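# Examining the three-dimensional arrangement
Below are the chains, spelled out letter by letter.
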Amino acid sequence: MTRSGMKMACTFLALLGLVVTGMAPVAAAPPSRNKDLVGNDVSWPQCGKTLPSGQAFAIVGVTGGLANNTNPCLAEQLAWAADSTGGTAQPKVALYVNTANPGHEGSWWPSSNIYPDVQVANPYGTCAGAVDLACSYMYGYAKAYDDATSRGVTDPGEYFWWLDVETGNSWQTKTDLNRADLEGMVAYFKSITAEGEDADGEDAGVGIYSTSYQWGIIAGTVPSSSPLTGLPSWLAGARTLRGAKSNCSLPGLTPGSPVTVTQYVSAGLDYDYSCF
(Lines give C-alpha, C1' and ligand atoms only; values in the text may rest on other atoms or scores of the structure.)
Protein backbone atom coordinates (compact mmCIF):
# COMPACT_ATOMS: atom_id res chain seq x y z
CA MET A 1 0.00 0.00 0.00
CA THR A 2 1.26 3.46 -0.80
CA ARG A 3 2.04 5.90 1.99
CA SER A 4 -0.97 8.02 0.93
CA GLY A 5 -3.24 5.00 0.99
CA MET A 6 -2.00 3.94 4.40
CA LYS A 7 -2.61 7.46 5.78
CA MET A 8 -6.21 7.49 4.43
CA ALA A 9 -6.90 4.04 5.80
CA CYS A 10 -5.57 4.92 9.24
CA THR A 11 -7.64 8.11 9.28
CA PHE A 12 -10.77 6.21 8.33
CA LEU A 13 -10.22 3.59 11.02
CA ALA A 14 -9.59 6.24 13.64
CA LEU A 15 -12.82 8.03 12.74
CA LEU A 16 -14.71 4.76 12.65
CA GLY A 17 -13.51 3.99 16.16
CA LEU A 18 -14.82 7.32 17.41
CA VAL A 19 -18.24 6.71 15.83
CA VAL A 20 -18.54 3.17 17.19
CA THR A 21 -17.49 4.00 20.71
CA GLY A 22 -19.00 7.48 20.88
CA MET A 23 -16.02 8.62 22.90
CA ALA A 24 -13.32 11.23 22.47
CA PRO A 25 -9.78 10.03 21.74
CA VAL A 26 -7.94 8.96 24.87
CA ALA A 27 -4.86 11.11 25.55
CA ALA A 28 -1.60 9.23 25.45
CA ALA A 29 -0.06 8.60 28.84
CA PRO A 30 2.82 10.98 29.56
CA PRO A 31 6.26 9.42 29.20
CA SER A 32 7.78 8.07 32.38
CA ARG A 33 9.88 10.64 34.19
CA ASN A 34 11.77 8.07 36.25
CA LYS A 35 14.95 8.57 34.25
CA ASP A 36 14.56 12.31 33.86
CA LEU A 37 13.76 13.53 37.35
CA VAL A 38 15.59 16.81 37.75
CA GLY A 39 16.20 19.29 40.52
CA ASN A 40 16.90 23.00 40.71
CA ASP A 41 19.46 25.14 42.49
CA VAL A 42 18.51 28.64 43.60
CA SER A 43 20.01 31.47 45.60
CA TRP A 44 20.02 35.26 45.84
CA PRO A 45 19.57 35.88 42.07
CA GLN A 46 16.13 34.24 42.37
CA CYS A 47 14.96 36.47 45.24
CA GLY A 48 11.49 37.81 44.47
CA LYS A 49 11.09 35.56 41.43
CA THR A 50 8.67 32.69 40.89
CA LEU A 51 10.47 29.44 41.59
CA PRO A 52 9.79 26.21 39.69
CA SER A 53 7.50 23.57 41.15
CA GLY A 54 7.66 19.81 41.16
CA GLN A 55 11.44 19.66 41.43
CA ALA A 56 12.80 16.28 42.50
CA PHE A 57 15.46 17.89 44.67
CA ALA A 58 16.70 21.36 45.49
CA ILE A 59 20.09 22.87 46.28
CA VAL A 60 19.81 26.23 48.03
CA GLY A 61 22.56 28.84 48.23
CA VAL A 62 23.28 29.90 51.81
CA THR A 63 25.57 32.78 50.92
CA GLY A 64 24.74 35.80 48.80
CA GLY A 65 27.35 35.61 46.06
CA LEU A 66 30.36 36.14 48.31
CA ALA A 67 31.93 33.90 50.91
CA ASN A 68 31.18 36.36 53.71
CA ASN A 69 27.53 37.34 53.21
CA THR A 70 24.09 35.74 53.45
CA ASN A 71 21.41 34.95 50.87
CA PRO A 72 18.60 37.36 51.87
CA CYS A 73 15.95 34.89 50.69
CA LEU A 74 17.38 31.83 52.41
CA ALA A 75 14.37 31.16 54.66
CA GLU A 76 11.85 31.44 51.82
CA GLN A 77 13.92 29.30 49.50
CA LEU A 78 14.42 26.59 52.12
CA ALA A 79 10.64 26.50 52.59
CA TRP A 80 10.24 26.09 48.82
CA ALA A 81 12.89 23.37 48.73
CA ALA A 82 11.07 21.37 51.40
CA ASP A 83 8.37 20.58 48.83
CA SER A 84 10.81 18.66 46.61
CA THR A 85 9.30 15.37 45.51
CA GLY A 86 12.33 13.10 45.81
CA GLY A 87 12.84 10.00 43.73
CA THR A 88 16.57 10.39 43.05
CA ALA A 89 19.74 9.50 44.92
CA GLN A 90 20.10 13.15 45.99
CA PRO A 91 18.72 14.50 49.26
CA LYS A 92 15.52 16.45 48.73
CA VAL A 93 17.22 19.55 50.13
CA ALA A 94 20.95 20.30 50.00
CA LEU A 95 22.91 23.53 50.46
CA TYR A 96 25.73 25.31 48.71
CA VAL A 97 28.07 28.09 49.76
CA ASN A 98 30.31 30.49 47.90
CA THR A 99 34.03 30.07 48.50
CA ALA A 100 37.04 32.36 48.20
CA ASN A 101 40.56 33.03 49.42
CA PRO A 102 40.98 36.83 49.37
CA GLY A 103 44.04 37.08 51.60
CA HIS A 104 44.58 40.55 53.02
CA GLU A 105 42.27 42.03 50.38
CA GLY A 106 39.25 40.65 52.22
CA SER A 107 37.29 42.27 55.04
CA TRP A 108 38.75 39.80 57.53
CA TRP A 109 41.78 37.52 57.67
CA PRO A 110 42.78 35.16 60.50
CA SER A 111 45.79 35.76 62.73
CA SER A 112 45.72 32.62 64.86
CA ASN A 113 44.43 29.04 64.99
CA ILE A 114 41.53 30.06 67.22
CA TYR A 115 38.03 30.48 65.78
CA PRO A 116 35.72 31.67 67.14
CA ASP A 117 36.94 30.65 70.59
CA VAL A 118 38.13 27.13 69.83
CA GLN A 119 41.67 26.00 69.09
CA VAL A 120 41.52 24.47 65.61
CA ALA A 121 43.81 21.57 64.71
CA ASN A 122 45.69 22.98 61.74
CA PRO A 123 47.62 20.54 59.51
CA TYR A 124 49.71 23.41 58.16
CA GLY A 125 50.96 24.68 61.49
CA THR A 126 50.31 28.00 63.18
CA CYS A 127 48.52 30.89 61.52
CA ALA A 128 50.11 34.21 62.46
CA GLY A 129 48.37 36.47 59.96
CA ALA A 130 50.38 35.85 56.80
CA VAL A 131 48.80 34.77 53.52
CA ASP A 132 50.18 31.26 53.82
CA LEU A 133 48.93 27.69 54.03
CA ALA A 134 48.13 27.83 57.73
CA CYS A 135 46.07 31.03 57.54
CA SER A 136 44.36 30.00 54.29
CA TYR A 137 43.22 26.84 56.06
CA MET A 138 41.90 28.90 58.97
CA TYR A 139 40.07 31.28 56.64
CA GLY A 140 38.24 28.38 54.99
CA TYR A 141 37.46 26.79 58.35
CA ALA A 142 36.07 30.10 59.66
CA LYS A 143 33.89 30.71 56.60
CA ALA A 144 32.40 27.23 56.86
CA TYR A 145 31.76 27.79 60.57
CA ASP A 146 29.98 31.05 59.79
CA ASP A 147 27.92 29.42 57.03
CA ALA A 148 26.69 26.73 59.38
CA THR A 149 26.10 28.81 62.49
CA SER A 150 25.28 32.42 61.59
CA ARG A 151 23.25 32.46 58.36
CA GLY A 152 19.99 30.97 59.56
CA VAL A 153 20.43 27.25 58.82
CA THR A 154 18.69 25.06 61.38
CA ASP A 155 20.38 21.72 62.14
CA PRO A 156 23.32 22.32 59.76
CA GLY A 157 24.75 18.87 60.48
CA GLU A 158 21.78 17.26 58.74
CA TYR A 159 22.51 18.72 55.30
CA PHE A 160 24.79 17.93 52.41
CA TRP A 161 26.94 21.03 51.75
CA TRP A 162 28.36 21.86 48.33
CA LEU A 163 31.37 24.18 48.00
CA ASP A 164 30.79 26.51 45.03
CA VAL A 165 34.27 27.04 43.53
CA GLU A 166 34.26 29.62 40.76
CA THR A 167 36.74 32.09 39.29
CA GLY A 168 34.31 34.96 39.83
CA ASN A 169 35.29 35.13 43.49
CA SER A 170 38.65 36.22 44.94
CA TRP A 171 41.49 33.69 44.92
CA GLN A 172 45.23 33.54 45.40
CA THR A 173 47.44 32.89 42.38
CA LYS A 174 49.10 29.99 44.20
CA THR A 175 46.80 27.01 43.93
CA ASP A 176 48.17 25.31 47.04
CA LEU A 177 46.87 28.23 49.14
CA ASN A 178 43.43 27.84 47.61
CA ARG A 179 43.45 24.10 48.25
CA ALA A 180 44.34 24.75 51.89
CA ASP A 181 41.42 27.18 52.14
CA LEU A 182 39.00 24.60 50.75
CA GLU A 183 40.46 21.90 52.97
CA GLY A 184 39.66 24.07 55.99
CA MET A 185 36.05 24.31 54.83
CA VAL A 186 35.86 20.57 54.27
CA ALA A 187 37.29 19.90 57.72
CA TYR A 188 34.60 21.94 59.43
CA PHE A 189 31.71 20.59 57.39
CA LYS A 190 32.89 17.03 57.87
CA SER A 191 33.10 17.64 61.62
CA ILE A 192 29.41 18.54 61.82
CA THR A 193 28.03 16.09 59.27
CA ALA A 194 29.99 12.94 60.11
CA GLU A 195 26.98 11.20 61.68
CA GLY A 196 24.27 13.39 60.17
CA GLU A 197 21.25 12.41 58.12
CA ASP A 198 18.37 14.45 56.77
CA ALA A 199 14.70 13.78 57.47
CA ASP A 200 14.61 11.18 54.68
CA GLY A 201 17.66 9.30 55.93
CA GLU A 202 20.05 10.66 53.28
CA ASP A 203 23.62 11.11 54.46
CA ALA A 204 24.89 14.59 55.19
CA GLY A 205 28.35 15.52 53.97
CA VAL A 206 30.31 17.82 51.69
CA GLY A 207 31.16 17.97 47.97
CA ILE A 208 32.54 20.34 45.33
CA TYR A 209 30.76 22.30 42.59
CA SER A 210 32.76 23.69 39.67
CA THR A 211 33.84 23.05 36.11
CA SER A 212 37.08 21.24 35.38
CA TYR A 213 38.46 24.43 33.82
CA GLN A 214 37.70 26.69 36.77
CA TRP A 215 38.79 24.06 39.24
CA GLY A 216 42.13 23.72 37.50
CA ILE A 217 42.76 27.45 37.66
CA ILE A 218 41.81 27.74 41.33
CA ALA A 219 42.91 24.48 42.91
CA GLY A 220 45.32 22.96 40.40
CA THR A 221 46.22 19.30 40.75
CA VAL A 222 44.96 17.83 44.00
CA PRO A 223 47.39 15.39 45.63
CA SER A 224 46.02 12.06 46.79
CA SER A 225 46.84 12.99 50.38
CA SER A 226 44.48 15.99 50.33
CA PRO A 227 41.11 15.82 52.14
CA LEU A 228 39.63 17.08 48.87
CA THR A 229 40.37 13.72 47.27
CA GLY A 230 37.32 11.57 46.63
CA LEU A 231 34.72 14.20 47.47
CA PRO A 232 31.58 14.05 45.30
CA SER A 233 31.59 16.38 42.28
CA TRP A 234 28.72 18.52 41.01
CA LEU A 235 29.70 19.55 37.48
CA ALA A 236 28.46 22.71 35.79
CA GLY A 237 28.68 23.64 32.13
CA ALA A 238 25.91 21.80 30.25
CA ARG A 239 23.25 23.66 28.29
CA THR A 240 20.74 20.84 27.94
CA LEU A 241 19.51 17.86 29.91
CA ARG A 242 21.16 15.62 27.35
CA GLY A 243 24.45 17.42 27.95
CA ALA A 244 24.04 17.11 31.70
CA LYS A 245 23.48 13.37 31.36
CA SER A 246 26.58 13.09 29.22
CA ASN A 247 28.64 15.00 31.79
CA CYS A 248 27.93 12.28 34.34
CA SER A 249 30.61 10.24 32.56
CA LEU A 250 33.29 12.93 32.95
CA PRO A 251 36.09 12.62 35.52
CA GLY A 252 35.41 14.13 38.92
CA LEU A 253 37.16 17.26 40.12
CA THR A 254 39.58 15.43 42.41
CA PRO A 255 41.20 11.99 42.32
CA GLY A 256 38.63 9.30 43.02
CA SER A 257 35.78 11.82 42.96
CA PRO A 258 32.43 10.45 41.75
CA VAL A 259 30.32 12.81 39.63
CA THR A 260 26.98 12.64 41.43
CA VAL A 261 25.20 15.73 40.08
CA THR A 262 25.43 17.72 36.85
CA GLN A 263 23.92 21.11 36.09
CA TYR A 264 22.39 22.61 32.98
CA VAL A 265 20.71 25.96 32.32
CA SER A 266 17.32 26.35 30.67
CA ALA A 267 15.13 29.46 30.37
CA GLY A 268 17.22 31.30 32.89
CA LEU A 269 17.00 28.64 35.59
CA ASP A 270 19.57 26.18 36.85
CA TYR A 271 18.51 22.55 36.58
CA ASP A 272 20.34 19.59 38.08
CA TYR A 273 20.49 15.94 37.09
CA SER A 274 21.30 13.15 39.52
CA CYS A 275 23.84 10.79 37.98
CA PHE A 276 22.81 7.90 40.23
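Presented here is a report on the structure given in the accompanying data block. (Residues numbered from 1 in each chain as written. Predicted model: local features only at pLDDT ≥ 70, side-chain atom pairs only at ≥ 80, totals over all residues. Heavy atoms only, no water.)

## Side note on the packing of helix H3 (residues 133-149) against helix H4 (residues 175-193)
Applied cut-off: Axes, fitted as lines to C-alpha atoms, cover a helix only where it is in contact. Angles between the N-to-C directions of the axes lie from 0 to 180 degrees. Helix and strand assignments come from DSSP, with helices taken as H or I runs of at least 4 residues and strands as E runs of at least 2, each series counted from the N terminus. Roughly parallel means an angle under 35 degrees; roughly antiparallel, over 145; roughly perpendicular, 65 to 115; everything else is oblique. Crossing handedness follows the turn of the near helix against the far one: under a right angle anticlockwise gives a left-handed crossing, and clockwise gives a right-handed one. In this description, contact between two residues means that some pair of their heavy atoms is separated by no more than 4.5 Å. All amino acids are sorted into three groups, where Ala, Val, Leu, Ile, Met, Phe, Trp, Tyr, Cys and Pro are nonpolar, Asp, Glu, Lys and Arg are charged, and the leftover types, Gly among them, are polar.
Direction vectors running N to C along H3 and H4 enclose 40°, while the axes themselves pass 7 Å from each other. As judged from the angle between their axes, H3 and H4 are oblique. For the pair H3 and H4, the sense of crossing is right-handed. Side by side, H3 and H4 meet where Leu133, Ser136, Tyr137, Tyr139, Gly140, Tyr141, Lys143, Ala144, Tyr145, Asp147, Ala148 and Thr149 of the first sit next to Asp176, Leu177, Ala180, Asp181, Glu183, Gly184, Met185, Ala187, Tyr188, Phe189 and Ile192 of the second. In the contact of H3 with H4, the residues fall into 14 nonpolar, four polar and five charged.

## Some words on unusual backbone geometry
Across the chain, the bulk of peptide bonds are trans and the bulk of non-glycine residues have phi less than zero. Note the cis peptide between Tyr115 and Pro116, where omega equals -20°. Within the secondary structure, Pro116 is located in the loop between strand S3 (93-98) and H3. Phi is positive for Asp155, which is not a glycine, with a value near 50°. Note that Asp155 resides in the loop between H3 and strand S4 (160-164). With a phi close to 50°, Ala267 is a non-glycine residue in the positive phi region. Inspection of the secondary structure assignment puts Ala267 in the loop between strand S7 (259-266) and strand S8 (269-274).

## Side note on the side chain of Asn101
Note the following rule: By the criterion applied in these results, polar contacts are pairs of N or O atoms within 3.5 Å in which, for protein atoms, one can donate a hydrogen and the other can accept it, and in which residues neighboring in sequence qualify only through two side-chain atoms.
Here Asn101 is to be found in the loop between S3 and H3. Of the polar contacts made by the side chain of Asn101, one reaches the side chain of Asn178; its length is 3.4 Å. Beyond its immediate sequence surroundings of up to four residues, Asn101 is in contact with Trp109, Ser136, Tyr139, Ser170, Trp171, Gln172, Leu177, Asn178 and Asp181.

## A few points about the sheet that holds S7
For clarity, the cut-off: Strands pair, by our definition, only if DSSP identifies at least two bridges between them.
The strand order around the closed barrel built from eight strands is S1-S2-S3-S4-S5-S6-S7-S8, with neighbouring strands paired in mixed fashion. With direction set aside, neighbouring strand axes in the sheet form an average angle of 25°. Sheet topology note: the S4/strand S5 (residues 205-210) ladder contains five bridges and is parallel. Residue Trp161 lies in a different strand from S5, and its bridge partner there is Val206. On top of the sheet, H4 reaches S3, S4 and S5; it is set at about 170° to S4, its chief contact.

## Quick notes on the pairing of S8
Our working definition: Any residue under 20% of the maximum accessible area for its type is buried, any over 50% is exposed, and the rest in between are partly exposed; the area is computed with a 1.4 Å probe on protein chains only.
Counting buried positions along S8 gives five out of six residues, so the element sits mostly inside the fold. Alignment of strand S1 (residues 38-42) against S8, held across four bridges, turns out to be antiparallel. Within the sheet, the bridge partner assigned to Gly39 lies in S8 and is Asp272. Sheet analysis places S7 next to S8, joined by six bridges and oriented antiparallel. Residue Gln263 lies in a different strand from S8, and its bridge partner there is Asp272. Connecting S7 to the antiparallel partner S8 that follows it, the hairpin turn spans two residues, and Ala267 within it adopts a positive phi of roughly 50°.

## Considerations on empty space enclosed by the protein
The condition that has to hold: A cavity here means a set of points on a 1 Å grid, drawn over the protein atoms and nothing else, where a 1.4 Å probe fits but cannot get out; a pocket is an open set with protein on both sides within 12 Å along at least five of seven lines, and a residue lines either one if it has an atom within 4 Å of a point. Grid points are joined across faces, edges and corners, and a volume is the space filled by probe spheres set on the points.
In this structure the tally under the stated criterion is one cavity of 30 Å³ or more. In this structure, the largest cavity encloses a volume near 30 Å³. For the lining of the largest cavity, a count of residues per class yields six nonpolar, one polar and no charged.

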